[in-house]
Amino acid sequence: MMAGHENAMAVLKIRYEGDPILRQKATKLPKVDDSVRKLADDMWETMLAADGVGLAAPQIGLARRLIVVHVPAGYDQEDDPEFSFRLANPEIVKAFGQQTGIEGCLSIPGWIGEVSRAEAVTVKALDMDGRQIRIKASGRLAVVLQHEIDHLDGILYTDRMTDLSTLRKVSEEEYEEVAE
Ligand code: ZN
């Protein structure tokens, strides 16, 4: 281990439903610099520590347009690759189709519910080198991207549910499968 290593990642405190920051509209990042990269690293660590598949900056108390996503390999189908993204100012520029699935949120621990989303989306964002990229996503990855981008606009998945009777408290295992 290096002595005096200053870039060690940190696990941040996750904000829960009822915290007003989760209802704020997050502001764009003017640029991707070392402080943004450090924040994304800490969010990444926080997401993994909480066994989540995504995390947005408002969930750690910062109203900035920054998200991290980690969908493990084989999540939807056995041969699906792993998806890992750290995205600044992500924006959905195209959406089509519809899928309905179960979602959970790291800010609403222990609960899951059924939500309808676009089946596929194209997301425009800046990567951690500040380059503009486009991601074409479908299936679970598309759901996670829509869920995280919603967080940047103060929207929680429970706002998107058409049938609140599908909202239920579940075991840790079942929850972690879909927490984002
Ligand atoms: Zn969430």
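Residues numbered from 1 in each chain as written. Predicted model: local features only at pLDDT ≥ 70, side-chain atom pairs only at ≥ 80, totals over all residues. Heavy atoms only, no water.

## Notes on the overall build of the protein
As a reminder of what qualifies: Numbering of helices and strands runs from the N terminus, with a helix taken as a DSSP run of H or I at least four residues long and a strand as a DSSP run of E at least two residues long. Here the globule rule is a power law, 2.2 Å times the number of residues to the power 0.38, and the radius of gyration is based on C-alpha atoms. Think of it in three bands: with a 1.4 Å probe and only protein chains considered, a residue is buried below 20% of the maximum accessible area for its type, exposed above 50%, and partly exposed in between. Surface accessibility follows the Shrake-Rupley procedure with a 1.4 Å probe radius. Residue values consider only the protein chains on display as shielding. Only four residue types enter the charge count: Lys and Arg as positive, Asp and Glu as negative, with His and the chain ends excluded. In this description, the location of a charge corresponds to atom NZ of lysine, CZ of arginine, CG of aspartate or CD of glutamate.
Each helix and strand in the protein was counted, giving 4 helices and 8 strands. Ordered by position in the sequence, the α and β elements of the protein form the string α-β-β-β-β-β-β-β-α-α-β-α. In terms of overall dimensions, the protein is globule-like: its C-alpha atoms have a radius of gyration of 16 Å, near the 16 Å expected for 180 residues. By principal-axis analysis of the C-alpha atoms, the protein measures approximately 50 × 35 × 30 Å. The buried share of the protein, reckoned over its 180 residues, is 47%. Accessible surface, the protein as shown: approximately 9,300 Å² in total, 49% of it carbon and sulfur. Side chains of the protein give 21 positive and 31 negative charges; the mean places of these two sets differ by 9 Å.

## With respect to the sheet that holds strand E6 (residues 120–126)
For the record, the criterion: Whether two strands pair depends on DSSP finding at least two bridges between them. Note on geometry: axes are lines fitted to C-alpha atoms, helical ones only across the stretch in contact, with angles between N-to-C directions running from 0 to 180 degrees. Every residue pair with non-hydrogen atoms within 4.5 Å of one another is taken to be in contact.
Read across the open sheet, the 5 strands follow the order E1-E2-E3-E6-E7; overall the sheet is antiparallel. Two strands lie at the open edges of the sheet, namely strand E1 (54–56) and strand E7 (132–138), each paired on one side alone. Strand after strand, the sheet turns through a mean of 40° between neighbouring axes, direction not considered. Strands E1, strand E2 (66–71) and strand E3 (83–96) of the sheet are contacted by helix H1 (residues 34–49), whose axis makes an angle of about 40° with E2. Packed on one face of the sheet, helix H2 (residues 139–152) meets E1, E2, E3, E6 and E7 and runs near 155° to E2.

## Details of unusual backbone geometry
Backbone geometry at Asp 51 places phi at a positive 60°, although glycine is not the residue there. The exposure class of Asp 51 is partly exposed, given its relative accessible area of 42%. Notably, Asn 89 is not glycine yet its phi reads approximately 50°, a positive angle. Residue class for Asn 89 comes out buried when judged on its relative accessible area of 11%.

## Quick look at the sheet that holds strand E8 (residues 168–169)
Reading across from one edge, E4-E5-E8 is the order of the 3 strands in this open sheet, with antiparallel pairing throughout. The open sheet is flanked by strand E4 (99–105) and E8, the only strands paired with a single partner. Bridge count between strand E5 (residues 108–117) and E8: 2 bridges; the pairing is antiparallel. In the strand pairing of E8, Ile 112 is matched with Arg 168. The sheet contacts of H2 involve E4 and E5, and relative to E4 the element is tilted by about 55°.

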